Amino acid sequence: MPPRVFTEEEREKLRELMLDQAIPLLEEYGLKHMSVDKITSKVGIGKSTFYNFFSSKEEYVSYALEHNRKKLLDNLDKQFPQGKKMKPAEIYNMLFKGLLSSNSIYEKLTAEDERSLYEADKARGKNVSLERETMIASRLMAHMDGVRKDLNVGLISNYIKLIVLAYENSYMFHDSEMEHMQAELKLRVIDMIFEEDAKRELMEMIKKENADYN
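Cut-offs applied
Residues numbered from 1 in each chain as written. Predicted model: local features only at pLDDT ≥ 70, side-chain atom pairs only at ≥ 80, totals over all residues. Heavy atoms only, no water. Core = buried A, V, L, I, M, F, W, Y, C linked by side-chain atoms within 4.5 Å. Buried < 20%, exposed > 50% of the residue type's maximum accessible area, 1.4 Å probe, protein only. Helix = DSSP H or I, 4+ residues; strand = E, 2+ residues; numbered from the N terminus. Phe/Tyr/Trp six-rings, centres within 6.5 Å; stacked < 30°, edge-to-face > 60°. Lys NZ or Arg CZ within 6 Å of the ring centre and 35° of its normal.

> What's the story with the nonpolar core in this structure? I'm lost.
The tendency in soluble globular proteins is for nonpolar side chains to be buried as a group. Among the nonpolar cores identified, the biggest contains 30 residues, and Met144 and Ile190 are the most heavily contacted of them. Within the residue set of this core, elements represented by two or more residues are helix 5 (57–79), helix 6 (88–99), helix 8 (130–141), helix 9 (153–168), helix 10 (178–193) and helix 11 (200–211). No other element matches the seven residues that helix 10 contributes to this core. The next biggest cluster of nonpolar side chains, apart from the first, holds 23 residues, and it includes Ile23, Val36, Val43 and Leu109.

Rendered as structure tokens:
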């Protein structure tokens, strides 16, 4: 039987369906044990169809993480149209209690996984670049109130990567001080993003949370 030919609309819908399943699959199996068979079974397609879209599971996950970030930014655009801003405490809760927390998807990835995803990004021409990260940061920070005018996006990005890498490699750290350390890193990120007046309420909230670790 000849392979099915999809219309452009069908391809786009199927591709989005596949990408939407990546995070649940990562949560269940992690990258190492997430086989192409598991992906195709979850989506209800054949392996040949999968390889019509992606060259490997690593490339698939690379695209899926990008897809997930785009959905997040699109949702922010809808929730906070021009003129409506998130306060620092709202940003803190969204980023550090959700995306960058011990319950996030990054806990399911290892340093080896990150290297594999980096190589997949590189193979498709998506290199880590300050210009690209500045564009993403600018879109996110357009929805934030009280952002500093002297932002150092490269430094902020590196701190956020440290937070992610620590969660991915938590076995390397003293468990009793893990969340305390992460709280200190997050506090530094907050300092680098927000003006003093804008973050006053947030700092009070963080001090109360940090007291739990002391």
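> For this particular structure, what's the right way to read the packing of aromatic side chains?
What characterises a pair of aromatic rings is the spacing of the ring centres plus the angle enclosed by the ring planes. In the structure shown here, the tally under the stated rule is six aromatic pairs. Residues Phe50 and Tyr51 carry aromatic rings whose centres are separated by 5.2 Å and whose planes lie at 90 degrees to one another, so their mutual orientation is edge-to-face. Look at Phe50 and you get buried, because its relative accessible area is 0%. Ring centres of Phe54 and Tyr63 lie 5.9 Å apart, and the angle between their planes is 50 degrees; this geometry places the pair in the tilted category. The buried category is assigned to Phe54, whose relative accessible area is 1%. An aromatic cluster of at least three residues, connected via ring pairs, comprises Phe50, Tyr51, Phe53, Phe54, Tyr60 and Tyr63. In this structure, Arg11 is placed above the aromatic ring of Phe53, and the distance from its NZ or CZ to the ring centre is 4.3 Å. Geometry around Tyr63 places Arg15 over its ring, the cationic atom sitting 5.1 Å from the centre.

In short, shape yes, function no, at least from these values alone.
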